[in-house]
Amino acid sequence: IDLRAAREHNVQVFNTPDAPSQAVAELTLGYILALARGFVDMNKQAHKNIWSQQAGKELSELTIGLLGFGRIGKSVAKLLHPFNTKILASDVRWDDTYKKLNVERVPISTLFKKSDILSIHVPLDRFTENFIDEEMLSYLKPTASIINTARGGIIDDSALIKKLKLGEIQSAALDVLGLEDLEMYMGVPNLLLSPHIGSHTTKSRCDMEVGAVK
């Protein structure tokens, strides 16, 4: 939406940022559990009559990094709180919520280097477009995973796929895609994909529609 043109024509533009926050946070938690335990891959193997047990990680063993600590980042931290996991976060704006949730505020470089699972929760704008490029991805540990339930284009997906195939990043989960060439995402075994369903729950969609009307 061209906000400048809207203002020039006296057209008011609103969004409903609170409505999808919980739904996106819950999908993120699902992805964290899936990456930590590997049950998606084991499900595929079981349906091929291959009984392959893989040892996973409990969340209390892991350090979860949150890039962005706004509405959704805070909601993810709240969901993780009962799991006794170590949570790191980095954002340009802060309030006292992180103290209440026992979240450690760290620089971005530390966030990337120390996270076992890094989850993205920033908006897509001129500052964040392709922010997570090949250089930034190189800061992640080879055993690390990355999740994007925010916006496609924040991660350079071509660089991510390259590193996944080389084994330089353990795994990734994407609910949003930055590339129009869907073939590039196909057949990458350590990549979980969903068709942008972060806010796609009955409650969230209802809250978004009612909020928009109000």
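Scroll up for the structure.
For every chain, the first residue of its written sequence is number 1, and the numbers climb from 1 along that sequence. Reporting of local features is limited, given that this is a predicted model, to residues whose pLDDT is at least 70; pairs of side-chain atoms are given and counted only at 80 or more, and all residues count toward the totals for whole chains, interfaces and linings. Only hydrogens and water are set aside; all other atoms, that is, all heavy atoms of the structure, feed into the side-chain values.

1. Details of the packing of helix α2 (residues 21–37) against helix α3 (residues 39–47)
Then, in step 1: Axis lines are fitted to C-alpha atoms, over the contacting stretch for helices. Their N-to-C directions set the angle, which ranges from 0 to 180 degrees. In this description a helix means any DSSP run of H or I spanning at least four residues, a strand means any run of E spanning at least two, and both kinds are numbered starting from the N terminus. Contact geometry for α2 and α3: axes closest at 6 Å, N-to-C directions at 65°. Contacts between α2 and α3 involve Leu33, Ala34 and Arg37 from the former and Phe39, Val40 and Met42 from the latter.
Then, in step 2: Any residue outside Ala, Val, Leu, Ile, Met, Phe, Trp, Tyr, Cys, Pro, Asp, Glu, Lys and Arg is labelled polar, Gly included; the first ten of those are nonpolar and the last four are charged. Considered class by class, the residues forming the contact of α2 with α3 number five nonpolar, no polar and one charged. Whether two residues are in contact is decided by their heavy atoms, any of which lying within 4.5 Å being enough.

2. What to know about the nonpolar core
Then, in step 1: By convention a nonpolar core is built from buried Ala, Val, Leu, Ile, Met, Phe, Trp, Tyr and Cys residues, the set being connected through side-chain atoms within 4.5 Å. Three exposure classes are used, based on accessible area relative to the maximum for each residue type with a 1.4 Å probe and protein chains only: buried under 20%, partly exposed in between, and exposed over 50%. If you look at the biggest cluster of nonpolar residues, it comprises 27 residues, and the most contacted ones within it are Ile120, Ile132, Ile146 and Leu160.
Then, in step 2: At the level of secondary structure, the elements contributing two or more residues to this core comprise α6 (108–114), β4 (117–120), α7 (134–137), α8 (157–166) and β6 (171–174).
Then, in step 3: Here this core gets four residues from one element, more than from any other, and that element is α8.
Then, in step 4: Among all residues touching Ile146, those that are not within four sequence positions of it are Leu35, Leu118, Ile120, Ile132, Leu137, Leu140, Ile155, Leu160, Ser171, Ala172 and Ala173.
Then, in step 5: Ala34, Leu59, Ile64 and Val103 belong to the second-largest nonpolar core, a separate cluster that totals 25 residues.

3. Quick look at the packing of aromatic side chains
Then, in step 1: Geometry of aromatic contacts follows a simple scheme: Phe, Tyr and Trp rings, the Trp one being its six-membered ring, pair when their centres are within 6.5 Å, and the pair is stacked under 30 degrees between planes, edge-to-face over 60, tilted otherwise. Evaluation of the coordinates by the stated rule reveals two aromatic pairs.
Then, in step 2: Measuring from centroid to centroid gives 4.9 Å for Trp94 and Tyr98, while their planes differ by 70°, and the two rings are edge-to-face.
Then, in step 3: By the ring-pair criterion, three or more aromatic residues cluster together here, those being Phe69, Trp94 and Tyr98.

4. Considering the pattern of salt bridges
Then, in step 1: Salt bridge, as applied in this entry: a Lys or Arg side-chain nitrogen positioned within 4 Å of an Asp or Glu carboxyl oxygen. Evaluated as defined, the whole model comprises seven salt bridges.
Then, in step 2: Across the salt bridge formed by Glu168 and Lys163, the nearest N and O atoms sit 2.9 Å from each other.
Then, in step 3: Judged by relative accessible area, Lys163 falls into the buried class, the value being 7%.
Then, in step 4: Put simply, Lys203 and Asp207 hold a salt bridge, and the shortest N to O gap is 2.8 Å. One end of the pair is Lys203 and the other is Asp207, both in helix α9 (residues 202–213) and four residues apart, which spans about a single turn.
Then, in step 5: Residue class for Asp207 comes out partly exposed when judged on its relative accessible area of 31%.

5. Focus: a nonpolar patch on the surface
Then, in step 1: Within the patch definition used here, like charges are joined within 9 Å and nonpolar side chains (Val, Leu, Ile, Met, Phe, Trp, Tyr) within 5 Å, considering only residues with over 30% relative accessible area and no salt bridge. Surface exposure here means Shrake-Rupley accessible area, sampled with a 1.4 Å probe, where a residue is shielded only by the protein chains that are shown. Where nonpolar side chains cluster on the molecular surface, the patch consists of Ile1, Leu3, Val11 and Val13 and spans about 410 Å² of accessible area.
Then, in step 2: Within the secondary structure, Val13 sits in the loop between α1 (3–8) and α2.
Then, in step 3: Given a relative accessible area of 38%, Val13 falls into the partly exposed group.

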